[in-house]
Amino acid sequence: MCGIAAQYGAPDPARGQRMLDAMVHRGPDDEGSVTLDRAWLGHRRLSIVDVAGGHQPLRGAGGAAFLVGNGEVYNHAELRAGLSGARFRTGSDNEVALHLLERDGPDALAALNGMFAFALAREDGGFLAARDPVGIKPLYWARAGGHVTFASEMAAFETEDREAIEAFPPGHHWTPERGLVEFAAAVPSVLRDDPLAAEDEPPRHVLAATRDVLVDAVERQMMGDVPVGVFLSGGLDSTLVAAIAQRYLRERGERLMTFAVGLAGSPDLVAARTAADHLGTDHHERVYTAAEATASLPGVVASIEAFDPSLVRSAVPNHMLAELAAEHVKVVLTGEGADELFAGYGYMRDFDDPGELHAELVRSVEGLHNLNLQRCDRVTMAHGLEARVPFLDRETIDHALRLPATWKLTADGQPEKRLLREAFEGWVPDELLWRDKAQFGDGSGAASVLTAPFAASITERELADERHQVAPALRTREELAYFRIFREHLGAVRPEHTLGRFATA
């Protein structure tokens, strides 16, 4: 996990250095850059794979190509085995991507299973930027004439570029010759329609396959040369991830570290302790106060570069959680994505047509990069911590969206995500396996102490004026309070470029 910056057209190394300086938190371990005739590449490194030798920019065959990357390629060992003629200088997973791109060009991106944003530049003027299909890793760009600038965060851009900032679209690559080209989608076209045919209940082999695909994803994402922990809220998704990771480490004579935060007595803290005790993890927790939650808001909004209230409320405890975890590990696994794949949100209970529910699941997966994944990346990277999301592994998405949505409908009296719960019966206590869902900001207590104070500090007239002058889509006084913090941090960035409901890119 790192921060990257790049320029194409008329490179300015001093400007590039300022961009890197704005992202030190994303990569406190190392820094590197390279200047070519038509391009500049810069990198801030959080050392996880090949800690000693993985300095970037990575250099390709003959020194003619250079790559900077943010993220992980989980199938790098398999891909490396197929590159028998390549000369590897490091054990970095990103170097595998570099050699594949040198050999096969942009088509190589479709072979990568991971979360990534890359920029590649060649001595002959060639250039490529790319982002993973789900948009797990961030990438922004600003285009002005023949000059194009890229960075992992909006705050890295110079003030004069901020009005032109757009989110680089997931699953696309850009070259000067061809422009934007889609190489893969978060949800492949073959999965966009509900499979329809289904038995009344998922058969045992389906439950087993669902369990196996998540186990494989978690174990695949345990890769690295540093300890890996788990954000544990005590809810279904994080508890399952922790159970799989703990079993994986126990077989190797190691013990998983888990992390939880909340107000004193909050549901998440209590449930996380229960889960940690059952699993036997090395558990760490932080109890925060209402005053601490409120005081953290300016830093949280600046970190997530967004102002949607539900996003901010969940980011506050996540920010504290990341700060706690970063004292012990460099990588954490989270439960992001399970609700989008298995219909875990409360409003999804209202769907009674399988086809409509499946369409909503597809839509929600495709929109994650603007919402939960943005929060997940920013709050962790603010503390030099890498977050991985095994539910959004390519194989997990493929399996989950091939399951008929009939099995994901929630009848009266039944809990959401019943199929996922049944797939893991016996792995965790029933009180956790069948626990009612709570949004993280609610379960940790953050929502209860944030909403009222900020709503009370702004009048309806102020909200109306702000809507008229700047941001018509602002909905509430609470959102305006967060928007003001956002505007102070990022200035000229247009709000329509920050969230899914504002998106124009």
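Note that the structure is predicted; figures quoted are calculated from it, not measured. (Residues numbered from 1 in each chain as written. Predicted model: local features only at pLDDT ≥ 70, side-chain atom pairs only at ≥ 80, totals over all residues. Heavy atoms only, no water.)

## What about the overall build of the protein chain?
When you go through the protein chain residue by residue, the secondary structure sums to 19 helices and 17 strands. A compact globule built from 505 residues would reach a C-alpha radius of gyration of about 23 Å, and the protein chain, at 22 Å, matches this within 12%. Reported as C-alpha extents along the three principal axes, the dimensions of the protein chain are approximately 65 × 60 × 45 Å. In the protein chain, once contacts between residues fewer than 6 apart in sequence are set aside, the share between residues at least 24 apart is 71%. Put simply, the protein chain shows about 18700 Å² of open surface, and 48% of that area lies on carbon and sulfur atoms. (Helix = DSSP H or I, 4+ residues; strand = E, 2+ residues; numbered from the N terminus. Rg over C-alpha atoms; globule rule 2.2 N^0.38 Å. Contact = heavy atoms within 4.5 Å. Areas by Shrake-Rupley, 256 points an atom, 1.4 Å probe, with all protein chains shown as cover.)

## Regarding unusual backbone geometry
With an omega of 5°, the peptide bond running from Gln-56 to Pro-57 counts as cis. The residue Ala-343 is not glycine, and still its phi comes out positive at about 60°. Following the sequence through the fold, Ala-343 ends up in the loop between α10 (338-342) and α11 (354-366). With a phi close to 55°, Lys-417 is a non-glycine residue in the positive phi region. Structurally, the position occupied by Lys-417 is in the loop between α13 (394-402) and α14 (418-423). The exposure class of Lys-417 is buried, given its relative accessible area of 4%. (Buried < 20%, exposed > 50% of the residue type's maximum accessible area, 1.4 Å probe, protein only.)

## Details of the pattern of salt bridges
Applying the stated criterion across every chain yields a total of 38 salt bridges. Put simply, Glu-219 and Arg-247 hold a salt bridge, and the shortest N to O gap is 3.6 Å. Taken together, the positions of Glu-219 in helix α4 (residues 204-220) and Arg-247 in helix α5 (residues 236-250) put the pair 28 residues apart, joining distant regions of the chain. On the basis of relative accessible area, Glu-219 is assigned to the partly exposed category, the value being 24%. In this structure, the salt-bridge partner of Glu-285 is Arg-273, at a minimum N-O distance of 2.7 Å. Within this pair, whereas Glu-285 is found in strand β15 (residues 282-287), its partner Arg-273 is found in helix α6 (residues 267-279), the two being separated by 12 residues in sequence. Residue classification places Arg-273 among the partly exposed residues on the basis of a relative accessible area of 35%. (Salt bridge = Lys/Arg side-chain N within 4 Å of Asp/Glu carboxyl O.)

## Side note on the sheet that holds strand β16 (residues 331-333)
Pairing between the strands of a sheet comes from backbone hydrogen bonds, and it takes one of two forms, parallel or antiparallel. Overall, parallel pairing links the five strands, which are arranged β15-β14-β13-β16-β17 in an open sheet. Across the chains shown, the open sheet's two edge strands, defined by having one partner strand only, are β15 and β17 (386-388). Across this sheet, the average inter-strand angle for adjacent strands is 30°, counted without regard to direction. Judged from the three bridges that link them, β16 and β17 form a sheet pairing that is parallel. What sits directly across from Val-332, in β17, is Ala-387. α5 rests against β13 (228-231), β14 (257-262) and β16 of the sheet, and its axis sits at about 160° to β13. Against the sheet, helix α9 (residues 309-325) contacts β13, β14, β15 and β16, and its axis sits at roughly 145° relative to β14. (Pairing = 2+ DSSP bridges. Axes fitted to C-alpha atoms, helices over the stretch in contact; angles between N-to-C directions.)

## A word on the packing of α4 against α13
Between α4 and α13, the least distance of the axes is 9 Å, while the angle of their chain directions is 165°. In this view, α4 runs roughly antiparallel relative to α13, as classed from their interaxial angle. Judged by the twist between their axes, the crossing of α4 over α13 is left-handed. Note on element contacts: α13 touches α4 through Glu-395, Thr-396 and His-399, opposite Val-206, Ala-209, Thr-210, Val-213, Ala-217 and Arg-220. (Parallel < 35°, antiparallel > 145°, perpendicular 65-115°, else oblique. Left-handed = near helix turned anticlockwise from the far one by under 90°.)

## Comments concerning the side chain of Glu-340
Secondary-structure assignment places Glu-340 in helix α10. Here Glu-340 occupies a buried position and makes no salt bridge, while the nearest side chain of opposite charge, Arg-375, is found at 7.6 Å. Leave out the neighbours within four places in its chain, and Glu-340 touches Tyr-345, Leu-361, Ser-364, Val-365, Leu-368 and Asn-372. (Lys, Arg positive; Asp, Glu negative; His and termini not counted.)

## Digging into the side chain of Glu-336
Locating Glu-336 in the fold gives a position in the loop between β16 and α10. Within the local environment of Glu-336, its side chain forms a polar contact with the side chain of Arg-375, the two groups lying 2.8 Å apart. In this structure, Glu-336 is in contact with Asn-372, Arg-375, Cys-376, Val-389, Phe-391 and Leu-392, ignoring residues within four places of it in sequence. (Polar contact = N/O pair within 3.5 Å; in protein donor to acceptor, adjacent residues only side chain to side chain.)

## A few points about the nonpolar core
For soluble globular proteins, the rule of thumb is that nonpolar side chains tend to be buried together. Grouped together as the largest cluster of nonpolar side chains are 125 residues, with contacts concentrated most on Phe-231, Phe-259, Leu-333, Phe-342, Leu-392 and Phe-424. Those residues within four positions of Phe-231 in sequence are excluded, and the remaining contacts are Ser-238, Phe-259, Asn-318, Leu-321, Ala-322, Ala-325, Val-332, Leu-333, Thr-334, Thr-380 and Leu-385. (Core = buried A, V, L, I, M, F, W, Y, C linked by side-chain atoms within 4.5 Å.)

## Some remarks on the sheet that holds strand β9 (residues 147-151)
With respect to topology, six strands assemble into an open sheet ordered β2-β3-β1-β9-β8-β10, the strand pairing being antiparallel. Lying at the two open borders of the sheet, with one neighbouring strand each, are β2 (30-35) and β10 (165-167). Across the sheet, the mean angle from the axis of one strand to that of its neighbour is 15°, orientation sign disregarded. Pairing between strand β1 (residues 2-8) and β9: four bridges, direction antiparallel. Paired with Ala-6 across the two strands is Phe-150, which belongs to β9. Against the sheet, helix α1 (residues 13-21) touches β1, β2, β3 (39-45) and β9, its axis set at about 20° to β3.

## A few points about α4
Counted at 1.5 Å a residue, the expected span for α4 with its 17 residues is 24 Å, and the 24 Å between its end C-alpha atoms agrees. Among the residues making up α4, those that are buried are Val-206, Leu-207, Thr-210, Val-213, Leu-214, Val-215, Ala-217 and Val-218. Among the structural elements, α5, β16, α10, α13 and α14 are those in contact with the buried residues of α4. (Expected span 1.5 Å × (residues − 1).)

## What about the packing of aromatic side chains?
Inspection of every chain in the model, using the stated rule, returns 17 aromatic pairs. An angle of 70° between the planes, with centres 6.1 Å apart, marks the rings of Trp-141 and Trp-174 as edge-to-face. On the criterion of sequence distance, the pair formed by Trp-141 in strand β8 (residues 140-144) and Trp-174 in strand β11 (residues 172-175) is long-range, its members being 33 residues apart. Trp-174 carries the same exposure label as Trp-141, and that label is buried. (Phe/Tyr/Trp six-rings, centres within 6.5 Å; stacked < 30°, edge-to-face > 60°.)

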